[in-house]
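Spelled out, the chains give:
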Amino acid sequence: MSGDVAVLGAGMHPWGKWGRSFVTYGRAAAHAALADAGIGWPEVGSVVGAQTVRGGYPGYVAGATFARALGWQGARVTSVYAACASGAQAIDTARAQILAGMADAVLVVGADAAPKGFFAPAGGERPDDPDWLRFRVLGATNPAYFGLYARRRMAVYGDSPEDFALVKVKNAAAGVLNEYARYRTPVTAEEVAASAVVADPLRLLDICATSDGAAALVLCGMDFARRRGVTDPVRIRAVSTVTPTFPRNVLDLPDIGTDSAVAVEPSPVGFRASIARAAYEEAGIGPEDLSLAEVYDLSTALELEWYEDIGLCVPGEGAKLVREGVTALGGRVPVNASGGLASFGEAVPAQAIAQVCELTQQLRGRAGGRQVPGARVGITANQGLFGHGSAVIAVR
């Protein structure tokens, strides 16, 4: 049996601040994915919903919530939560069900209605929760963490705020061309530098917003795709959902301390790099095979980290790639041709699915003005709280 599963359909709801329920966004994205797949809702054998903890009880049972919104028809349901990696975990669950013969076609949906401003911890007193502790003990909001990582890059590699600004300029230029993006206005490096300081050295335009939005995929087995007349679909070849290894010697959200390395030498491969490495090993490819990548640019500085972690360059050379235009549209390996979080904002359960939607359109050759010529292989990468790694490799 082939380990590939086909992407039969991809659909999205535009990102923004719409003031409606996440269910509304998810239902719209699901209908778009079903229409793109050319199949009816009754043909779906399973629904995997990426959860949103901000949606109340319906968010905690997202699979059933979306199935109910589309109309009960007997499909099995699964709900998945893995913070920012929820969408990739949902894709992995759908793939496992297909390869196990549990369903011919699976609908994967993620949607969120995010609060204004940065994400706050869930309510209540939870001293055993490192996410709660880093907010309450350190006051380390997400932007503060992003700022610390940016400072580390400046100290270790010599990156500058001007380098970070180039990432925003690049992603904004791509976002102009994406009808689903929230922000569709070009940005200059001077505008980034003139925006308010949020967490030094990062400014407002260096950090992604929080957004409403949704994305959905219809995945199926290769035989099912051929029966539908789709002989050369985009295929998911690998999904990585690895966890860190002990000891961790670089501070990572939401931890507020590193592990002791007295007894055990740290792994030569860091956590984020291990995410992509596992995906490459499963797919039987390497970074040299990539046509494009979609990475989780929570901040401009973190995007530079991902260049190195997915193997586009060695540690410390991420800024050089963006300076030379390697990762821009028209460059050797465009990164965030969708516009990235810089253009979308963060709708947590949806974003990893949206990344695969972008790869799907690129590998189909249907990405319009942001099309990467001859795209054949793409990778997505992001990281969720509590050691949730995620990467997806799609090929055609």
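Each value, and the rule that gives it
- Residues numbered from 1 in each chain as written.
- Predicted model: local features only at pLDDT ≥ 70, side-chain atom pairs only at ≥ 80, totals over all residues.
- Heavy atoms only, no water.
- Helix = DSSP H or I, 4+ residues; strand = E, 2+ residues; numbered from the N terminus.
- Rg over C-alpha atoms; globule rule 2.2 N^0.38 Å.
- Buried < 20%, exposed > 50% of the residue type's maximum accessible area, 1.4 Å probe, protein only.
- Contact = heavy atoms within 4.5 Å.
- UniProt positions renumbered as here; feature names shortened; annotations may be inferred.
- Pairing = 2+ DSSP bridges.
- Disulfide = S-S within 2.5 Å.
- Expected span 1.5 Å × (residues − 1).
- Axes fitted to C-alpha atoms, helices over the stretch in contact; angles between N-to-C directions.
- Phe/Tyr/Trp six-rings, centres within 6.5 Å; stacked < 30°, edge-to-face > 60°.
- Lys NZ or Arg CZ within 6 Å of the ring centre and 35° of its normal.

1. Let's talk about the overall build of the protein
And then number 1: Looking only at helices and strands, one finds 14 helices and 11 strands in the protein.
And then number 2: Expected size for 396 residues packed as a compact globule is a radius of gyration near 21 Å; at 20 Å, the protein falls within 12% of this value.
And then number 3: Considering only C-alpha atoms, the protein reaches an extent of 55 × 50 × 45 Å along its principal axes.
And then number 4: Buried residues in the protein amount to 57% of all 396 residues.
And then number 5: For the protein, restricting intrachain contacts to residue pairs at least 6 apart in sequence, the fraction spanning at least 24 positions comes to 75%.

2. So, the UniProt feature "domain: Thiolase N-terminal" (unreviewed entry) in the protein
And then number 1: Here the UniProt-annotated "domain: Thiolase N-terminal" (unreviewed entry) positions come out as residues 6–111.
And then number 2: Its end C-alpha atoms 22 Å apart, residues 6–111 is made of 41% helix and 26% strand.

3. Some thoughts on unusual backbone geometry
And then number 1: For the bond from D200 to P201, the omega torsion is 15 degrees, close enough to zero to count as cis.
And then number 2: Relative to the assigned elements, P201 resides in the loop between β5 (197–199) and β6 (202–203).
And then number 3: Omega for the peptide link from F246 to P247 comes to -5 degrees, which places this bond in the cis form.
And then number 4: Looking at where P247 falls in the secondary structure, it is placed in the loop between β8 (234–240) and α10 (271–283).
And then number 5: A positive phi angle is found at A83, which is not glycine, with a value near 55 degrees.
And then number 6: As for its position among the elements, A83 is in the loop between β3 (76–80) and α4 (86–99).
And then number 7: The backbone of N336 sits at a positive phi, close to 60 degrees, despite the residue not being glycine.
And then number 8: You can see N336 is positioned in the loop between α12 (318–323) and α13 (340–344).
And then number 9: With a relative accessible area of 1%, N336 lands in the buried category.

4. What to know about the pairing of strand β9 (residues 292–295)
And then number 1: Taking every second residue as pointing to the same face, both faces of β9 are buried, with L292 and E294 on one and A293 and V295 on the other.
And then number 2: Alignment of β9 against strand β10 (residues 377–384), held across four bridges, turns out to be parallel. Bridge pairing in β10 links A293 to I379.

5. Considering the state of the cysteines
And then number 1: The full count for this structure, using the stated rule, is zero disulfides.
And then number 2: In this model C208 remains outside any disulfide bridge; the closest cysteine sulfur is found in C84, 8.4 Å from its own.
And then number 3: Note on C357: no disulfide assigned, nearest cysteine sulfur contributed by C220 at a separation of 15 Å.

6. A look at helix α6 (residues 142–157)
And then number 1: In a regular helix each residue adds 1.5 Å, so 16 residues correspond to 22 Å; α6 covers 22 Å between its end C-alpha atoms and thus fits that length.
And then number 2: When we look at burial in α6, the residues that qualify are N142, P143, Y145, F146, G147, Y149, A150 and R153.
And then number 3: Residue G158 follows α6 closely and has a positive phi angle near 80 degrees.

7. Details of the pairing of β8
And then number 1: The element β8 is extensively covered by neighbouring structure, given that six of its seven residues are classed as buried.
And then number 2: With three bridges joining them, strand β1 (residues 5–16) and β8 adopt antiparallel strand pairing. Opposite A6, over in β8, you have R235 as the bridge partner.
And then number 3: Summarising the sheet, β8 and strand β11 (residues 388–395) pair through five bridges and their orientation is antiparallel. Along β11, the bridge assignment pairs I236 with A394.

8. A short note on the sheet that holds β1
Each strand in a sheet pairs with its neighbour through backbone hydrogen bonds, running either in the same direction (parallel) or in the opposite one (antiparallel).
And then number 1: The strand order β3-β2-β4-β7-β1-β8-β11-β10-β9 describes an open sheet built from nine strands, whose pairing is mixed. The open sheet has two edge strands with one neighbour each: β3 and β9. Pairs of neighbouring strands in the sheet enclose a mean axial angle of 25 degrees, with direction left out of account.
And then number 2: Across nine bridges, strand β4 (residues 105–113) lies against strand β7 (residues 212–220) in antiparallel orientation. Considered in β7, the bridge of V106 is made with L219.
And then number 3: Its contacts with the sheet put helix α14 (residues 348–364) on β1, β2 (46–50), β4, β7, β8, β9, β10 and β11, and the angle it makes with β1 is roughly 120 degrees.

9. A few points about the packing of aromatic side chains
And then number 1: For the structure shown, the criterion picks out four aromatic pairs.
And then number 2: Each ring, one from F22 and one from F66, has its centre 5.8 Å from the other, and the planes form 80 degrees; the classification is edge-to-face. Of the two residues, F22 is situated in helix α1 (residues 22–37) and F66 in helix α3 (residues 62–70); the sequence distance between them amounts to 44 residues. Residues F22 and F66 agree in their burial class; the two are buried.
And then number 3: Ring plane angle 70 degrees and centroid distance 5.5 Å describe the contact between Y145 and Y149, whose orientation is recorded as edge-to-face. Taken together, the residues span about one helical turn, with Y145 and Y149 both in helix α6 at a distance of four residues.
And then number 4: Taking the relative accessible area as the measure of exposure, Y149 reaches 8% and is therefore buried.
And then number 5: Each member of the aromatic cluster is reached from another via a ring pair, and the members are Y145, F146 and Y149.
And then number 6: Over the ring of W306 we find R272; its NZ or CZ atom is 5.7 Å from the centre of that ring.

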